[in-house]
Amino acid sequence: MNLTKRYGHHFAVNDLNFSISAGEIVGFLGPNGAGKTTTMNIMTGFIAATKGDVIINGLDIVAEPEKAKAQIGYLPDTPPVYGDMRVDEYLSFAADIKGVKRAGRKEHLNHIKNQVHINDVSRRLIKNLSRGYRQRVGLAQAMVGNPRVIIMDEPTIGLDPKQIIEMRDVVKNLGKKHTVILSSHIMQEVSAVCDRVMIINKGRIVAQGTPEHLSSNLSKSGGKIQVRVKADPTQIREALKEYTVIRHINVLDGREPGTTDLELAGDDGADIREAVFRCMAKHNLPLLLMKSMDLSLEEVFLRLTGDIRGEAAGYELPEEETAKGGDPA
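None of these values were measured; they are calculated from a predicted model.

**Some words on the overall build of the protein chain**
Of the regular secondary structure elements, the protein chain holds 12 helices and 14 strands. Counting contacts in the protein chain only where the partners sit at least 6 residues apart, residues at least 24 apart contribute 70% of the total. Carbon and sulfur atoms make up 49% of the accessible area of the protein chain, which amounts to about 16900 Å² in all.

**Looking at the packing of helix H4 (residues 105-116) against helix H5 (residues 131-143)**
Interhelical geometry of H4 versus H5 gives an angle of 140° and a closest axis separation of 10 Å. Comparing their axes, H5 and H4 come out oblique. As H4 runs across H5, the sense of the crossing is right-handed. On H5, the residues touching His-108, Ile-112, Gln-115 and Val-116 of H4 are Arg-136, Leu-139, Ala-140 and Met-143. For the contact of H4 with H5, the residue count by class is five nonpolar, two polar and one charged.

**A word on the sheet that holds strand S12 (residues 246-252)**
Pairing is antiparallel across the open sheet formed by four strands, whose spatial order is S12-S13-S11-S14. What marks the edges here is a single partner per strand, and that holds for S12 and strand S14 (287-292). For this sheet the average axis-to-axis angle between neighbouring strands, irrespective of direction, equals 25°. Helix H10 (residues 273-282) contacts strand S11 (225-229), S12, strand S13 (260-266) and S14 of the sheet and is inclined by roughly 170° relative to S14.

**Section: the nonpolar core**
With 45 residues, the main nonpolar core has Leu-139, Met-152 and Ile-199 as its most contacted residues. Once you skip the residues sitting within four places of it in the chain, Ile-199 turns out to touch Leu-29, Arg-204, Ile-205, Val-206, Ala-207, Leu-214, Val-300, Phe-301, Leu-304 and Thr-305. Membership of the second largest hydrophobic core comes to 22 residues, among which are Leu-3, Leu-16, Ile-42 and Ile-151.

**Quick look at the pattern of salt bridges**
In the structure shown here, the tally under the stated rule is 14 salt bridges. A salt bridge links Lys-113 to Asp-88; its shortest N-O distance comes to 2.8 Å. With Lys-113 in helix H4 and Asp-88 in helix H3 (residues 87-97), this residue pair connects regions lying 25 residues apart in the sequence. Residues participating in the shared-partner salt-bridge network are Asp-96, Arg-102 and Arg-105.

**Considerations on the environment of Glu-166**
Tracing the backbone shows Glu-166 in helix H6 (residues 161-174). Within the structure, Glu-166 has its side chain in polar contact with the side chain of Lys-162 (distance 2.6 Å).

**Some thoughts on the side chain of Glu-24**
Considering the arrangement of structural elements, one finds Glu-24 in the loop between strand S2 (10-16) and strand S3 (25-29). There is a polar contact of 2.8 Å between the side chain of Glu-24 and the side chain of Arg-196.

**Comments concerning the sheet that holds strand S9 (residues 196-201)**
The sheet built from six strands is open, its strands ordered S6-S7-S8-S3-S9-S10 with mixed pairing. At either end of the open sheet lies a strand with only one pairing partner, and these are strand S6 (72-75) and strand S10 (204-209). Taken pair by pair, the neighbouring strands of this sheet meet at an average axis angle of 15°, ignoring direction. Relative to strand S8 (residues 179-183), strand S7 (residues 149-153) is paired through five bridges, and the arrangement is parallel.

**Focus: the confidence of the model for the protein chain**
On average, residues of the protein chain score 86 in pLDDT, and 90% of them are at 70 or above. When pLDDT is averaged over each helix and strand of the protein chain, the minimum, 39, is found for helix H12 (residues 319-322) and the maximum, 96, for H3. Residue range residues 308-329 is modelled with pLDDT below 50. Its contacts to residues more than four positions away, or to other chains, number 60 contacts.

**Focus: the packing of aromatic side chains**
Enumeration according to the criterion identifies three aromatic pairs in this entry. Measuring from ring centre to ring centre gives 6.2 Å for Phe-18 and Phe-28, while their planes differ by 45°; the resulting arrangement is tilted. Separated by 10 residues along the polypeptide, Phe-18 in the loop between S2 and S3 and Phe-28 in strand S3 bring together distant segments of the chain. For Phe-18, a relative accessible area of 21% puts it in the partly exposed group. Among the residues examined, Phe-28 registers a relative accessible area of 1% and is labelled buried. Ring geometry for Tyr-82 against Phe-93: centres 5.8 Å apart, planes inclined by 80°, an arrangement best described as edge-to-face. Of this pair, Tyr-82 sits in the loop between S6 and H3 while Phe-93 sits in helix H3; the two residues are 11 residues apart in sequence, bridging distant segments of the chain. For Tyr-82, a relative accessible area of 46% puts it in the partly exposed group. Residue Phe-93 is classed as partly exposed on the basis of its relative accessible area of 31%. An aromatic cluster of three or more residues is present, and its members are Tyr-82, Tyr-90 and Phe-93.

Cut-offs and rules
Residues numbered from 1 in each chain as written. Predicted model: local features only at pLDDT ≥ 70, side-chain atom pairs only at ≥ 80, totals over all residues. Heavy atoms only, no water. Helix = DSSP H or I, 4+ residues; strand = E, 2+ residues; numbered from the N terminus. Contact = heavy atoms within 4.5 Å. Areas by Shrake-Rupley, 256 points an atom, 1.4 Å probe, with all protein chains shown as cover. Axes fitted to C-alpha atoms, helices over the stretch in contact; angles between N-to-C directions. Parallel < 35°, antiparallel > 145°, perpendicular 65-115°, else oblique. Left-handed = near helix turned anticlockwise from the far one by under 90°. Nonpolar A, V, L, I, M, F, W, Y, C, P; charged D, E, K, R; others polar. Pairing = 2+ DSSP bridges. Core = buried A, V, L, I, M, F, W, Y, C linked by side-chain atoms within 4.5 Å. Buried < 20%, exposed > 50% of the residue type's maximum accessible area, 1.4 Å probe, protein only. Salt bridge = Lys/Arg side-chain N within 4 Å of Asp/Glu carboxyl O. Polar contact = N/O pair within 3.5 Å; in protein donor to acceptor, adjacent residues only side chain to side chain. pLDDT = per-residue confidence, 0-100. Phe/Tyr/Trp six-rings, centres within 6.5 Å; stacked < 30°, edge-to-face > 60°.

Spelled out as C-alpha cells, the structure:
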C-alpha cells in the first residue's frame, strides 16, 4: 500500500496501491523504466521501499521478512541458476535454502519437475542446457517450497515459439494453486494467460482490469464490429433493415473485389454478432470477415503509456470488475 521508491529527486515507484486475490494471474505491464522491476524487487524484499507496505498473505515483508519471503517464489528475468550444478543438485540446494523438510522432499521436487517438464534433463549440467530449459529450471526453483505467490519477470524472454506456448501452459496451471504475478512485454502472452492486467507508467498505475474490459472501455467502441460481405452496399442495407438490433451502419471501402466492408453497432453496446450472421445467412450473402473494433491490448498499452496520442491519462475500471475473488495474496 502507498508503495514509493525514490532515488534522490527521481521517483522509480510513486504511491502504488493494489491488491491481488488468491489464485489470480495478474499481468504487470509497462515500458522500460516504468518501475515494474523495482516494484517486484520491493515485493520480494530484495530492496527496501522509501515508504509504504508490502503484505504477503497477511505478513509484512519488512516486519516479518523470513515468514513473508517463505510465501514467495521469484523468477527474475535472468534465471538465478548455477551452471556447474546438475539440475537435481540445484533444486536440492534450493530446497535446503528454503528449509524444505527431507521427508517428502524427493516427491516434492519430482512433482515440480513434472510440472515444468525438466525430468529428461535432471542429471545434466545447467550450463549445457538451452535457454528454454534454464528458464524452466529457474521457474522450478521458484516453485520449491510450494509458495503462495509466484512472481515472474519476463519468463519467456529468449524462448522460441514452441517454448513460449509450453511456458504459457505452465503459468496457467500454476494459477490453479498459486497467485501469479507476471511481467512481460509480449501482449499476446499476457492476454492468453492473465485474469487481470495492471499497466504502470512513470512509477504509477495508469490502468487495471481484465484485458477485455480495458479494451472495450478505453476504445469506447460500444460493441462495434467490422464485417466484410460479398455483396454490394444496397443489398446489405436492405437485408439489415429486418434486424432492428443493428442501429448503426457505416459503409467502408471494400478491400477485396466484389466485397463491401462495413462498421456495424447496436444500441448501448449490444452484441450484434449473431444477428449479423443470421441476417447474411438468410439472404445468402457470404460473410467473409467479422471482427471486434475494440482496441487490442497492445493499442491500449501504447495509448496509456503515452506512446500514441500524447501523454498517458489515468484510467481504472471499477474495483468490482477487476477482482477475481478469494483471499488477498
